[in-house]
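Structure assessment
As a plain string of letters, each chain reads:
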Amino acid sequence: MVFSSLFFLCVFLPLSLALYYVLKNRTYRNWVLIIASLFFYAWGEPVWVTLLVVSTLFDYYNALVAERNRGNWKGKAAVAVSIAGNLLILGFFKYSGFVAENLNSLLGTGLPVPAFGLPIGISFYTFQTISYVIDVYRGETEAQRSFPKLLLFVSLFHQLVAGPIVRYREIAGEIEHRVESWEQFNYGASRFIMGLGKKVLIANTAGELCEHFLGTDYARLPVAGAWLGIFLFALQIYYDFSGYSDMAIGLGKMFGFTYKENFNYPYISRSATEFWRRWHISLGSFFRDYLYIPLGGNRRHQFRNLLVVWFLTGLWHGASWNFVIWGLYYFLLIAVEKLFLLRVLEKLPALFSRLYLWAAVLVGWVFFYHPDLGEALEFLGIMFGLKGAPLSGPEVAIHFWNSALFLLIAAVGCIPFLKSWEKRAKGSLPGKGEGALLWEKGLKPLANIAVLVLSIIFLVGQSYNPFLYFRF
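Residues numbered from 1 in each chain as written. Predicted model: local features only at pLDDT ≥ 70, side-chain atom pairs only at ≥ 80, totals over all residues. Heavy atoms only, no water.

Remarks on the overall build of the protein chain
If you tally the helices and strands in the protein chain, you get 19 helices and 0 strands. By the compact-globule yardstick of 23 Å for 472 residues, the protein chain fits well, its C-alpha radius of gyration being 23 Å. Overall size of the protein chain, expressed as C-alpha extent along the three principal axes, is 70 × 65 × 45 Å. The buried share of the protein chain, reckoned over its 472 residues, is 54%. (Helix = DSSP H or I, 4+ residues; strand = E, 2+ residues; numbered from the N terminus. Rg over C-alpha atoms; globule rule 2.2 N^0.38 Å. Buried < 20%, exposed > 50% of the residue type's maximum accessible area, 1.4 Å probe, protein only.)

Notes on the pattern of salt bridges
One pass over the structure, following the stated rule, counts 17 salt bridges. Measuring nitrogen to oxygen at the nearest pair gives 3.8 Å for the salt bridge that ties R70 to E67. Residue R191 is joined to E261 by a salt bridge in which the shortest nitrogen-to-oxygen separation is 2.6 Å. One end of the pair, R191, is in helix α8 (residues 182-210); the other, E261, is in the loop between α9 (223-254) and α10 (272-278), with 70 residues separating them in the sequence. By relative accessible area, which is 9% here, R191 ends up buried. If you follow the salt bridges from partner to partner, you end up with R26, R29, R178 and E180 in one network. (Salt bridge = Lys/Arg side-chain N within 4 Å of Asp/Glu carboxyl O.)

Notes on the nonpolar core
By size, the foremost hydrophobic cluster in this structure holds 138 residues, and its most contacted members are F3, F8, F157, Y267, Y330 and W365. By residue number, the principal contributor to this core is α9, which donates 17 residues. (Core = buried A, V, L, I, M, F, W, Y, C linked by side-chain atoms within 4.5 Å.)

Considering the packing of helix α2 (residues 26-42) against helix α6 (residues 147-155)
Think of two packed helices as two axes; the pair is described by the angle between the axes and how far apart they sit. Between α2 and α6, whose axes approach to 9 Å, the crossing angle comes to 50°. The angle between the axes of α2 and α6 places the two elements in the oblique class. Here the hand of the crossing between α2 and α6 comes out left-handed. Residues N30, W31, L33, I34, S37 and L38 of α2 touch α6, and the partners they reach there are P148, K149, L151, L152 and S155. Grouping the amino acids of the contact of α2 with α6 by side-chain chemistry returns 7 nonpolar, 3 polar and 1 charged. (Axes fitted to C-alpha atoms, helices over the stretch in contact; angles between N-to-C directions. Parallel < 35°, antiparallel > 145°, perpendicular 65-115°, else oblique. Left-handed = near helix turned anticlockwise from the far one by under 90°. Contact = heavy atoms within 4.5 Å. Nonpolar A, V, L, I, M, F, W, Y, C, P; charged D, E, K, R; others polar.)

Describing helix α3 (residues 49-68)
Compared with an ideal rise of 1.5 Å per residue, which puts 20 residues at 28 Å, α3 spans 29 Å between its outermost C-alpha atoms and is within 8% of the ideal. Where α3 is concerned, the buried positions are V49, L51, L52, S55, T56, D59, Y60, N62, A63, L64, A66 and E67. Against the buried residues of α3 lie α2, α4 (73-107), α5 (122-138) and α6. (Expected span 1.5 Å × (residues − 1).)

A few points about the layout of surface pockets
Any empty space left between the atoms is revealed when a probe the size of a water molecule rolls over them. By volume, the second largest pocket amounts to about 500 Å³. Taken together, 17 residues make up the lining of the second largest pocket; nearest its centre are W276, R277, G284, R288 and W310. Mapped onto the lining of the second largest pocket, the elements with two or more residues apiece are α10, α11 (281-295), α12 (302-317) and α13 (321-347). The element best represented in the lining of the second largest pocket is α11, accounting for 7 residues. Its residues placed into classes, the lining of the second largest pocket shows 9 nonpolar, 5 polar and 3 charged. (1 Å grid on protein atoms, 1.4 Å probe; cavity = no way out; pocket = protein on both sides within 12 Å on 5 of 7 lines; lining within 4 Å. Points joined across faces, edges and corners; volume = space filled by probe spheres on them.)

Regarding the environment of V336
Mapped onto the elements of the fold, V336 is located in helix α13. Each C-alpha atom, one on V336 and one on I382, is 25 Å from the other, the two residues being 46 residues apart in sequence.

Things to note about α12
Taking 1.5 Å per residue, 16 residues should reach 22 Å; α12 reaches 23 Å between its end C-alpha atoms and fits that length. Of the positions making up α12, those classed as buried are N305, L306, V309, W310, T313, G314, L315, W316 and H317. Considering only its buried residues, α12 is in contact with α4, α5, α10, α11, α13 and α14 (350-369).

A look at the side chain of H158
As for its position among the elements, H158 is in the loop between α6 and α7 (168-177). A distance of 2.8 Å separates the side chain of H158 from the side chain of Y259, its partner in a polar contact. Once residues lying within four places of it in the same chain are set aside, the contact partners of H158 are F3, L33, G163, Y244, A248, L251, G252, F255, F257 and Y259. (Polar contact = N/O pair within 3.5 Å; in protein donor to acceptor, adjacent residues only side chain to side chain.)

Description of the packing of aromatic side chains
Counting across every chain of the model gives 63 aromatic pairs. Measuring from ring centre to ring centre gives 4.8 Å for W326 and F368, while their planes differ by 70°; the resulting arrangement is edge-to-face. Separated by 42 residues along the polypeptide, W326 in helix α13 and F368 in helix α14 bring together distant segments of the chain. By relative accessible area, W326 is classed as buried at 0%. (Phe/Tyr/Trp six-rings, centres within 6.5 Å; stacked < 30°, edge-to-face > 60°.)

With respect to a nonpolar patch on the surface
Residues F303, V336, L339, F340, V344, L348, L351, F352 and L355 make up a contiguous nonpolar surface patch of about 810 Å² in total accessible area. Looking at the nonpolar patch, the elements that each hand over two or more residues are α13 and α14. Tallying contributions element by element places α13 first for the nonpolar patch, with 4 residues. With respect to the helices and strands, the residue L351 is situated in helix α14. With relative accessibility at 58%, the residue L351 sits in the exposed group. (Patch = residues over 30% accessible without salt bridge, like charges linked within 9 Å, V, L, I, M, F, W, Y side chains within 5 Å. Areas by Shrake-Rupley, 256 points an atom, 1.4 Å probe, with all protein chains shown as cover.)

A few points about the environment of G71
Counting through the fold element by element, G71 comes out in the loop between α3 and α4. Along the chain, G71 and R138 lie 67 residues apart, while their C-alpha atoms are 8.9 Å from each other.

Description of the side chain of S96
One can find S96 in helix α4. If near-sequence neighbours (up to four positions away) are discounted, S96 is found in contact with G91, P114 and F116.

Re unusual backbone geometry
Phi angles above zero are rare outside glycine, and H280 is one such case at about 45°. Along the chain, H280 falls in the loop between α10 and α11. Unlike most non-glycine residues, H301 shows phi in positive territory, near 55°. As for its placement among the helices and strands, H301 is situated in the loop between α11 and α12.

Structure representation (structure tokens):
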């Protein structure tokens, strides 16, 4: 089930909210969320619910052992068992086919290639349970004595299948005694609708448009078509994933939970280093806190640590060499920036450093989009005029001008213009608080209603409605 489906919007969410708020007892409300979350997860793949529950039970006991034995070998063993067990499960389901294919290709063996589907969200919830056990051992949070409450943390449908990666210590207090309010609910509903609009109105439209240029016959693709296609994909993946994160954060607020931000306008960055502080923040902070810093961080073997982190960041996104290359590409960019390029970029006008960032990111998305390295290199050759392709063509011009208004709106949405405008609108009218009152009580609800209605209309007529990060 996806947030942007009519069943979720018209049946699942209203019913979950109604049952949740009808019941006043905290324990009953928790059970409503657990049952709803397991149903949400089982909607597409009922068989993997067992894996989710077993994985949670596995780390429930590991955390209890780690807490009782901090500082001795038993506690360290519990952490090691948790990490090894979770990574083995993740590796088996996500990477066993990749390993078998590569061994068969390299050694000429005939190893069977597993054909089962990847359990949705496994990359996210395994990281959440690993961080839980490590944080308990470090003394940064207490182990949860109630298994249902830990299962609630892991299975919350708001963030279960595509993040953001939520750490237990961030919401431990809310699991025990959260306070729901109309203000929180109102903010959450507004944030959810904003994310829904990002996903349905912009990401889906960008995805349909980019199919005219990506994954086609590249022998006939002009240079401008290649740049326009990968730009559209950049818009699609940003609005797809940031829209999902907005919806997850909004849903959390509607049920009394507060999740940290996962995106902070990454496309306004002036370097790859800054980009990755703004893109998928929860993943970057996970690798920083649980891998980069324990390896030595900036203090020793910095570039080795960066190499390990970016190799694994690429591999985390998928069992394919294109993702590994994508991760190593960012390692090279960030390493060069740390050596000297950041100092150069800081001295340049913002326009030039942002153009550098956009060019770098678009090249990176080429590797991310194409599973086949040969296709990715062919596409890059067209982008940079190395394949003798024409500069443009009538089809590119037609698609560009037909979608010019959409491209402008989508590009403006990538910068904090609307956020700044909202702040100004709240204080723009004379009189204390009048501007804020007009926005909060009048214009904002109307905007939310318009986005919600348009999104539902689009969903009724659209057949194209994937979530790109579900496959990770």
